[in-house]
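Overview (structure and organization)
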Amino acid sequence: MEKKEMLYEGKAKKVFATEDENYVIVSYKDDATANDGEKKGTIAGKGVINNRMSNYLMQLLEKNGVPSHFVEEINDTDTVVKKVSIVPLEVIIRNISAGHFASRYGVEEGIVFDEPTIEFSYKNDDLHDPLLNAYHAIALKLATREEIELIKSMAFKVNDVLKAYFKELGVTLVDFKLEFGKTADGSIVLADEISPDTCRFWDSETGEKLDKDRFRRDMGGVEDAYKEMMKRVFGE
Ligand code: UDP
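Residues numbered from 1 in each chain as written. Predicted model: local features only at pLDDT ≥ 70, side-chain atom pairs only at ≥ 80, totals over all residues. Heavy atoms only, no water.

**What about the packing of aromatic side chains?**
Summed over all chains, the structure comprises 6 aromatic pairs. Their ring planes at 40° and their centres at 5.9 Å tell us that Tyr56 and Tyr165 sit as a pair that is tilted. In this pair, Tyr56 sits in helix H1 (residues 46-63) while Tyr165 sits in helix H4 (residues 145-168), placing the two residues 109 residues apart along the sequence. For Tyr56, a relative accessible area of 32% gives the class partly exposed. Tyr165 gets classed as buried once you look at its relative accessible area, which sits at 14%. Centroid distance Phe166 to Phe201: 4.7 Å. Interplanar angle 50°. Geometry classified as tilted. Of the two residues, Phe166 sits in helix H4 while Phe201 sits in strand S14 (residues 199-203), which places them 35 residues apart along the sequence. (Phe/Tyr/Trp six-rings, centres within 6.5 Å; stacked < 30°, edge-to-face > 60°. Helix = DSSP H or I, 4+ residues; strand = E, 2+ residues; numbered from the N terminus. Buried < 20%, exposed > 50% of the residue type's maximum accessible area, 1.4 Å probe, protein only.)

Here's what the structure looks like:
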């Protein structure tokens, strides 16, 4: 499949049409933003790492019964995915307190929860992605009750699969954000990406951060953290 016109350019990816209206090509960039777009920069090699890692994880999830938009990786940065309409919700699962959970509720980072939590925010840049609950999402017609139930069970399943997978690699899955899409036939699939941009990964032994927090918090070693995650997943 070949790239036709660009349909959309986001913060970290471009989306191109293809000759088939059911598919689009996602092209991952090295560009990074944080703090609601306030902080901008580039992370060398990130596009390749996020593309390859996300595709690998989506295929792992597919094998474990979670359908996704993934179709085919065409090169290091570009992937054919099913064209979907994105459900305008960011779905966040947490196993350990960090980031906004810690600041919002005034607790330290690193508290291990007895059970994972789920939260939604409304994907809307003008409103700065406000937090909302399932009733709000239904009231705003962002999704139906049935779709939200399905999204919830898929998100917890993703957590079960990924938590166990990363544990084997010596990585603790702290929290992550998912997005879901609706295909032409109305089915809900996992979309967007799963990468160090969208997950918090802590080294299980040392607690070292191996994700985008190093960029968000100006900690240095950003590229090395992405490379280390690539090494854990692909051994290279
Ligand atoms: N996250 C994301 N995109 C966002 C906000 C959060 O991918 O726009 C991910 C983030 O990487 C982390 C999880 O969702 O793994 C929870 O993030 P949190 O709510 O703590 O917000 P953050 O501090 O990352 O802004």
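**Focus on the layout of surface pockets**
There is about 220 Å³ of room inside the second largest pocket. As for the second largest pocket, its lining consists of Asn95, Ile96, Val112, Phe113, Glu115, Pro116, Lys163, Lys167, Val171, Thr172, Leu173 and Ser204. For the lining of the second largest pocket, the elements supplying multiple residues, two or more each, are strand S9 (89-96), strand S10 (112-122), H4 and strand S12 (171-182). In terms of residue count, the dominant contributor to the lining of the second largest pocket is S10 (4 residues). Within the lining of the second largest pocket, the residues separate by chemical class into 6 nonpolar, 3 polar and 3 charged. (1 Å grid on protein atoms, 1.4 Å probe; cavity = no way out; pocket = protein on both sides within 12 Å on 5 of 7 lines; lining within 4 Å. Points joined across faces, edges and corners; volume = space filled by probe spheres on them. Nonpolar A, V, L, I, M, F, W, Y, C, P; charged D, E, K, R; others polar.)

**Some remarks on the packing of H1 against helix H6 (residues 222-234)**
Axis separation between H1 and H6 bottoms out at 10 Å; the angle between their running directions is 35°. Read as a crossing pair, H1 and H6 show a hand that is left-handed. In contact with Lys46, Ile49, Asn50, Arg52, Met53 and Tyr56 of H1, H6 contributes Tyr226, Lys227, Met229, Met230, Val233 and Phe234. Residue composition of the contact of H1 with H6, by class: 8 nonpolar, 1 polar and 3 charged. (Axes fitted to C-alpha atoms, helices over the stretch in contact; angles between N-to-C directions. Left-handed = near helix turned anticlockwise from the far one by under 90°. Contact = heavy atoms within 4.5 Å.)

**Some words on empty space enclosed by the protein**
Overall, the coordinates contain 1 cavity of 30 Å³ or more when judged by the stated rule. Around the largest cavity, the lining residues are Val26, Tyr28, Ser54, Asn55, Met58, His69, Thr79, Val81 and Asp192. At the level of secondary structure, the elements contributing two or more residues to the lining of the largest cavity comprise strand S3 (23-28), H1 and strand S7 (78-82). By residue number, the principal contributor to the lining of the largest cavity is H1, which donates 3 residues.

**Some details on the pairing of S10**
The pairing of S9 with S10 spans 7 bridges and is antiparallel. Bridging from a neighbouring strand, Val91 pairs with Phe120 of S10. Summarising the sheet, S10 and strand S11 (residues 131-132) pair through 2 bridges and their orientation is antiparallel. Looking at the pairing, Phe120 lines up with Leu132 of S11. (Pairing = 2+ DSSP bridges.)

**Some details on the sheet that holds strand S6 (residues 70-73)**
Sheet architecture is open: 5 strands sit in the order S1-S2-S3-S7-S6, paired in antiparallel fashion. If you trace the sheet from one side to the other, it starts and ends with strand S1 (6-9) and S6, each paired once. Here the strands of the sheet are splayed against their neighbours by 25° on average, with no regard to which way each runs. Here S6 runs beside S7; their pairing, made up of 3 bridges, is antiparallel. Residue Glu73 lies in a different strand from S7, and its bridge partner there is Thr79. Contacting S3, S6 and S7, H1 crosses the sheet at an angle of about 135° to S6.

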